[in-house]
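Observations on the three-dimensional arrangement
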Amino acid sequence: MKNYYQPEIEIMPLDQLQALQSERLKEQVKFVYENVKFYHDRMDELGVKPEDIQGIDDLHKLPFITKDDLRDQYPYGLLGVPLEECVRIQSTSGTTGRRVVAFYTQEDLDVWEECCARAIVAAGGTKEDVCHVCYGYGLFTGGPGLNGGSHKVGCLTLPMSSGNTERQLQFMTDLGSTILCCTPSYAANLGEAVNERGLRDQIKLKAGIFGAEPWTEEMRHNIEESLGIKAYDIYGLTEISGPGVSFECEEQAGMHIQEDHFIAEIIDPDTGEVLPEGEVGELVFTCITKKAFPLMRYRTRDLCRLTRKPCPCGRTHVRMMKPKGRSDDMMIVKGVNVWPSQIETVLLNQGYQANYQIVVDRVGNNDTIEVQVELTPEMAEDKSIPIEKRQKKIVSGLKSMLGITVDVKVVEPKAIARSEGKAVRVIDKRHLYQ
Ligand code: ADP
Ligand code: ZN
């Protein structure tokens, strides 16, 4: 087994872990009831008293909180401590609407950075490593989270922030970066840039910690090939702390949720009913150690499933499978549910890179959907296969994946804008007509 950062917590026997969660939950419920008016009122409405929550088996009695509630309570409505106890504000990326701000005490920051540190260690990081962080810094949690985690592990930290690919490559080669932290879409761009410039022999990367957006196994494979690394998934959201709520170990088979701080549930998104382990549903988190922004039963809108199957790495924390995307990422096109990740799988299986865009529109009463994908440079050179033939093959692959006919446009290499943070895959013009 590897040198774990906190073996006593990460490989704690399940009964002890659950006892710890129960004890923390009990205290946390009392804390929010006394300190957050929103929870006080909601619990009173439901007739639930803090004493009714004696442990994790009582969790389901508590009310949910949604992103709309967060927006209603903006900015200070959910604070659990006086503002002068807070030392940091971060904000969501605003991918699906108005940004939400979250607050942190120093202890909250320590918890968050600790989780990121565990993620770096799980990816093989030690104090010998040079950790190259090119998630965005600032209000976005990606940069600050991994930066703090990297310090805790003792890595030499490069706070690159996102963008300026030339500078990224220069520092990566000059300073011998060994661990890369960014969004998977930016990792794919860096992989492309490294190979185009023939720098593959000059980089020392061994691992990457990529998250903040959904990505497929096919994309993982491509990034691992192009950079010669092992690519680890990391998940998190600002509302719960930031990256590091869960992360992959060397098995790369689901992300261990940091259950000593966050309790996960999977619910039916329509009824709110808690689903048994293994079923796909909406992920809900309860923070049991946070004080400044102490959300309980927060509905993430991320759809995935959990497994308690023992992991060969020895960690006992439950694993969440790659989220398929958010319930809001799912498009209904021509009456059929379409996930961007399904389209990505088809394209990458046919040898394309993740340089694609999906445009959904409406003509009269009918939905239209067009997938634009770039030829790889090798494909562009190989004139033996006509573009029409390539397009037809994608149309037929998408038809069997989705059950609908999608228009496909194969475009020249570099025709689609590259992302430096979270990639924008879908342009849905239909809301313009509502
Ligand atoms: P926003 O909700 O505005 O995008 P955040 O920057 O806090 O704000 O992003 C959190 C969201 O990003 C998560 O709820 C999830 O949908 C997505 N996300 C984060 N990490 C991953 C990951 N590893 N895989 C899939 N989706 C992820
Ligand atoms: Zn594991």
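Here we summarise the structure given alongside this text. (Residues numbered from 1 in each chain as written. Chains lettered and ligands numbered in written order. Predicted model: local features only at pLDDT ≥ 70, side-chain atom pairs only at ≥ 80, totals over all residues. Heavy atoms only, no water.)

1. Comments concerning the overall build of the protein
Note the threshold: The helix count covers DSSP runs of H or I at least four residues long, the strand count covers runs of E at least two residues long, and both are numbered beginning at the N terminus. Here the globule rule reads 2.2 Å times residues to the power 0.38, and the radius of gyration is calculated from C-alpha atoms. Each residue's exposure class comes from its accessible area (1.4 Å probe, protein chains only) as a fraction of the maximum for that residue type: buried when under 20%, exposed when over 50%, partly exposed otherwise.
If you tally the helices and strands in the protein, you get 12 helices and 20 strands. Here the C-alpha radius of gyration of the protein, 22 Å, is about what a compact globule of 434 residues would show, namely 22 Å. Projecting the C-alpha coordinates of the protein onto the three principal axes gives extents of approximately 75 × 60 × 40 Å. Residues counted as buried form 56% of the 434 residues belonging to the protein.

2. Topic: the site of ligand 1
Note the following rule: Nearness is judged by heavy atoms alone; a residue qualifies as near a molecule or strand once a single heavy atom is within 4 Å of it. Here a polar contact is taken to be a pair of N or O atoms separated by no more than 3.5 Å, where protein atoms must pair a possible hydrogen donor with a possible acceptor and residues adjacent in sequence count only if both atoms sit in side chains. We get accessible surface area from the Shrake-Rupley algorithm with a probe of 1.4 Å; when it comes to residues, only the shown protein chains can shield them. Gly is put with the polar residues, along with every residue not named as nonpolar or charged; the nonpolar set is Ala, Val, Leu, Ile, Met, Phe, Trp, Tyr, Cys and Pro, and the charged set is Asp, Glu, Lys and Arg.
Taken together, 20 residues surround ligand 1, and among them Ser93, Thr95, Ile234, Thr238 and Asp302 come closest. With respect to ligand 1, the side chain of arginine 326 contributes an N or O atom lying 2.8 Å from an oxygen atom. Protein chains shield 97% of the accessible area of ligand 1, which is 570 Å² for the free molecule. No other element matches strand β7 (residues 230-237), which puts 5 residues into the shell around ligand 1. Here the shell around ligand 1 is built from residues that sort into 7 nonpolar, 7 polar and 6 charged.

3. Remarks on the coordination of the zinc ion (ligand 2)
We apply this condition: Counted as coordinating are nitrogen, oxygen and sulfur atoms within 2.8 Å of the metal, or 3.2 Å for Na, K and Ca, while water is not included, which may make sites look incomplete. In these descriptions, tetrahedral denotes four donors with every angle between 85 and 135 degrees, square planar four donors and octahedral six donors with opposite donors over 155 degrees apart and the rest between 65 and 115, and irregular any other case.
Distances from the zinc ion (ligand 2) to its protein donors, Cys249 (SG), His256 (NE2), Cys311 (SG) and Cys313 (SG), fall at 2.1 to 2.3 Å. Coordination geometry of the zinc ion (ligand 2): the 4 donor atoms subtend angles of 105 to 112 degrees at the metal centre, consistent with an arrangement described as tetrahedral. Here the donor residues for the zinc ion (ligand 2) map to a single chain with the spacing C-x6-H-x54-C-x1-C. Of this pair, histidine 256 sits in strand β9 (residues 255-257) while cysteine 313 sits in the loop between β13 (306-307) and β14 (319-320); the two residues are 57 residues apart in sequence, bridging distant segments of the chain. There is no split in this pair, since histidine 256 and cysteine 313 are both buried.

4. What to know about helix α6 (residues 142-153)
To be explicit about the condition: Take the number of residues in a helix, subtract one, and multiply by 1.5 Å to get its expected span.
Here α6 contains 12 residues, and its C-alpha end-to-end distance of 17 Å stays within 8% of the 16 Å for a straight helix at 1.5 Å per residue. Most of α6 sits out of view: 10 of its 12 residues are buried. Within the sequence span of α6, burial applies to Gly142, Gly143, Pro144, Gly145, Leu146, Asn147, Gly148, Gly149, Ser150 and Val153. Looking one or two residues beyond α6, the residue adopting positive phi is glycine 154, at roughly 95 degrees.

5. A word on the sheet that holds β7
Across a sheet, strands are paired by hydrogen bonds formed along the backbone, either parallel or antiparallel in direction. Note the cut-off: At least two bridges found by DSSP between two strands is the condition for calling them paired. Any two residues whose heavy atoms approach within 4.5 Å at even a single point are treated as in contact. Only the stretch in contact is used when a helix axis is fitted, and all axes are lines through C-alpha atoms; the angle between N-to-C directions ranges over 0 to 180 degrees.
A sheet is described by the order of its strands in space; here 9 strands give the open sequence β4-β3-β5-β6-β7-β8-β9-β14-β13, paired in mixed fashion. Either end of the sheet is taken by a strand with one partner, and the two such strands are β4 (156-159) and β13. Note: strand β3 (residues 130-133) against strand β5 (residues 179-182), 3 bridges, orientation parallel. Along β5, the bridge assignment pairs valine 133 with cysteine 181. Across the sheet, helix α5 (residues 106-122) touches β3, β5, β6 (207-211), β7 and β8 (242-248), and the angle it forms with β8 is around 30 degrees.

6. Topic: the sheet that holds strand β20 (residues 426-428)
Ordered in space as β19-β18-β17-β20, the 4 strands form an open sheet in which the pairing is mixed. Looking at strand neighbours, the two that pair on one side only are β19 (407-411) and β20, the edges of this open sheet. Within this sheet the neighbouring strands show an average axis-to-axis angle of 20 degrees, counted without direction. Bridge count between strand β17 (residues 356-363) and β20: 3 bridges; the pairing is parallel. Looking across to β20, one finds that isoleucine 358 is bridged to valine 426.

7. Examining helix α10 (residues 340-349)
The element α10 is largely enclosed, with a buried count of 9 among its 10 residues. If you check which residues of α10 are buried, you get Pro340, Ser341, Gln342, Ile343, Glu344, Thr345, Val346, Leu347 and Leu348. Count one or two residues on from α10 and you reach glycine 351, which has phi positive near 95 degrees.

8. Here we look at the packing of aromatic side chains
Rules: Side-chain rings of Phe, Tyr and Trp (the six-membered ring for Trp) are treated as a pair once their centres are within 6.5 Å; stacked means planes under 30 degrees apart, edge-to-face means over 60, and tilted covers the remaining angles.
This model, assessed by the stated rule, comprises 7 aromatic pairs. Ring centres of phenylalanine 210 and tryptophan 215 lie 5.9 Å apart, and the angle between their planes is 75 degrees; this geometry places the pair in the edge-to-face category. Measuring from ring centre to ring centre gives 6.3 Å for tyrosine 235 and phenylalanine 285, while their planes differ by 35 degrees; the resulting arrangement is tilted. Linking tyrosine 235 in strand β7 with phenylalanine 285 in strand β11 (residues 281-287), this pair joins segments that are 50 residues apart in sequence. In terms of burial, tyrosine 235 and phenylalanine 285 fall into one category: buried. An aromatic cluster is defined as three or more aromatic residues linked by ring pairs; in this entry it consists of Tyr76, Phe103 and Phe293.

9. Regarding the nonpolar core
Definition in use: In plain words, nonpolar cores are sets of buried Ala, Val, Leu, Ile, Met, Phe, Trp, Tyr and Cys residues tied together by side-chain atoms within 4.5 Å.
In this structure, Ile240, Leu283, Phe285 and Leu295 are the most contacted members of the largest nonpolar core, which totals 72 residues. With 9 residues, the single largest contributor to this core is α5. When neighbours within four sequence positions are excluded, isoleucine 240 is seen to be in contact with Val245, Phe262, Phe285, Cys287, Lys290, Leu295 and Tyr298. Core analysis: the second largest hydrophobic core is formed by 48 residues, Leu205, Ala231, Ile343 and Ala380 among them.

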